Amino acid sequence: MIKLNHIIFYFYYLFQVNVATFALLFSEIVQYCQNRVYSVSELQTKLSDMGRHVGNHYLDLLFVREKGYRRETKLINMLLFIKNNFWKTLFGREADRLEHSNDDERTYYIIETEHLVNRYISVPKDKGKLNCAAFTAGIIEAVLNGSNFPCKVTAHWHKGTTFMIEFDESVITRDKMVEGK
Amino acid sequence: MGIFSVYIINKAGGLIYQYDHISQRPEAEKTFSYPLELVLKLVDDKIVVAFGERDGIKVGHTLLAVNGISLEGRYLQTDGQDAMEIIAAPENYPINLKFGRTRLTTNERIMLASMFHSLFAIGSQLSPEHHSSGIEVLETDGFKLQCYQTMTGIKFIVIADPKQTGVEVLLRKMYEVYSDFALKNPFYSLDMPIRCDLFDTNLQQVIETSERQGIGNV
């Protein structure tokens, strides 16, 4: 299973992977997880775990190739990096929108109307609110956690697919100090 | 008037998908006086015209409604009265009857699909040429049935107007939609009935595009 994950993160722009290949591989991942769980939320957690595994391995590759060994310290820059650069290398285009929550200053949203991993998947009614983008949420979570922005990322069905990123309080406080606010 | 319906049969001969594009079926409603000139008979729990074609009512048409009340099989939907009895009694006349082309039930469709599957196989065996394909086109004056069998044994069948063009292209596009939204769906098991929303939406789009382009070439 770990070898499978290694194949997935070869998404760098020089070597384009056929979307059909990825879709079939991802379909197998979902079926693999489904056979090992007993509920929908467990399935989503398992997909998220797989994503986290990929994200952890992908983080170094990402920073070497894209950032030129520089590390992001400001939260907003990191989020913009995720929305544009990270999304471009993984999915071939940038995410649609990045939003800050009105109620909670710790929460940010990345919104995409048609997410690549969900393109060919029709979730049956008995699977409820399952969103296979939980896999991508895991990748984002691992990348952010590994860059010292501890958070939790979940995928929801809202305006298409929305990734809800909830940062730890420490991140917001630290960010405010860095800005000199 | 374009594409009538679409069937997908798996390699065992079972129907896995069916879609009727034209749901509008020719219906004829007429008021009759006693005695009824048509001869009706009971076929498979449905009342069918056996003799007496007139005014758009053809042999084989089913009785759909009596005096505006739709029928369920041979009984009225509202109070369960037997329609045959109502028609037999002279005091119910003048009576308004609605006839139309029979709507196939799911079971009937499944039977027809497996019958076609067998005929397809027989077709390839009967051919004087070696390595002949199965039935590709079946044409009547009312419709033209075209079939495309993939290398994996799935048959895509389109029933369309005889004048409709571009059906081969439509069959290939259907195969693409199937390989995208059914085969890449982790919740779809092979050879099972296809119940994927994205598959339905995209297939209907493909059919509509093809219908528009095809009619233009007539």
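Structure's up top.
Residues numbered from 1 in each chain as written. Chains lettered and ligands numbered in written order. Predicted model: local features only at pLDDT ≥ 70, side-chain atom pairs only at ≥ 80, totals over all residues. Heavy atoms only, no water.

A. Up close: helix 4 (residues 75-91) of chain A. Residue and element names in this part refer to chain A. A rise of 1.5 Å per residue sets the reference length of helix 4, with its 17 residues, at 24 Å; its end C-alpha atoms lie 22 Å apart and thus fit the reference within 8%. The largest bend in helix 4 amounts to roughly 35° and is located at I82. For helix 4, the full list of buried residues reads L75, M78, L79, F81, I82, K83, F86, W87, T89, L90 and F91. Looking one or two places after helix 4, you find G92, whose phi comes out positive at around 85°. (Helix = DSSP H or I, 4+ residues; strand = E, 2+ residues; numbered from the N terminus. Expected span 1.5 Å × (residues − 1). Bend = angle between axes of the 7 residues up to and from the residue. Buried < 20%, exposed > 50% of the residue type's maximum accessible area, 1.4 Å probe, protein only.)

B. Expanded view of the sheet that holds strand 1 (residues 97-100) of chain A. Residues and elements named next belong to chain A. Judged by pairing direction, the sheet is antiparallel, and its four strands sit side by side in the order 1-2-4-3 without closing on themselves. Two strands lie at the open edges of the sheet, namely strand 1 and strand 3 (151-157), each paired on one side alone. Taking the axes of each pair of neighbouring strands and ignoring which way they run, one obtains an average angle of 20° across the sheet. Relative to strand 2 (residues 107-112), strand 1 runs antiparallel, the two being bridged by four bridges. Residue pairing in the sheet places E99 in a bridge with Y109 of strand 2. (Pairing = 2+ DSSP bridges. Axes fitted to C-alpha atoms, helices over the stretch in contact; angles between N-to-C directions.)

C. Structural detail: the interface of chain A and chain B. At the interface, 17 residues of chain A touch eleven residues of chain B. Both sides together, the interface formed by chain A and chain B hides about 1,100 Å², and carbon and sulfur atoms give 64% of it. Where chain A meets chain B, there are one salt bridge. A salt bridge links D197(B) to K125(A), with the shortest nitrogen-to-oxygen separation between them at 3.8 Å. Inspection of the region where chain A meets chain B yields two residue pairs in polar contact (both at pLDDT 80 or more). A per-class count over the side of chain A that touches chain B returns nine nonpolar, five polar and three charged. (Contact = heavy atoms within 4.5 Å. Buried area = accessible area lost by both parts, 1.4 Å probe. Salt bridge = Lys/Arg side-chain N within 4 Å of Asp/Glu carboxyl O. Polar contact = N/O pair within 3.5 Å; in protein donor to acceptor, adjacent residues only side chain to side chain. Nonpolar A, V, L, I, M, F, W, Y, C, P; charged D, E, K, R; others polar.)

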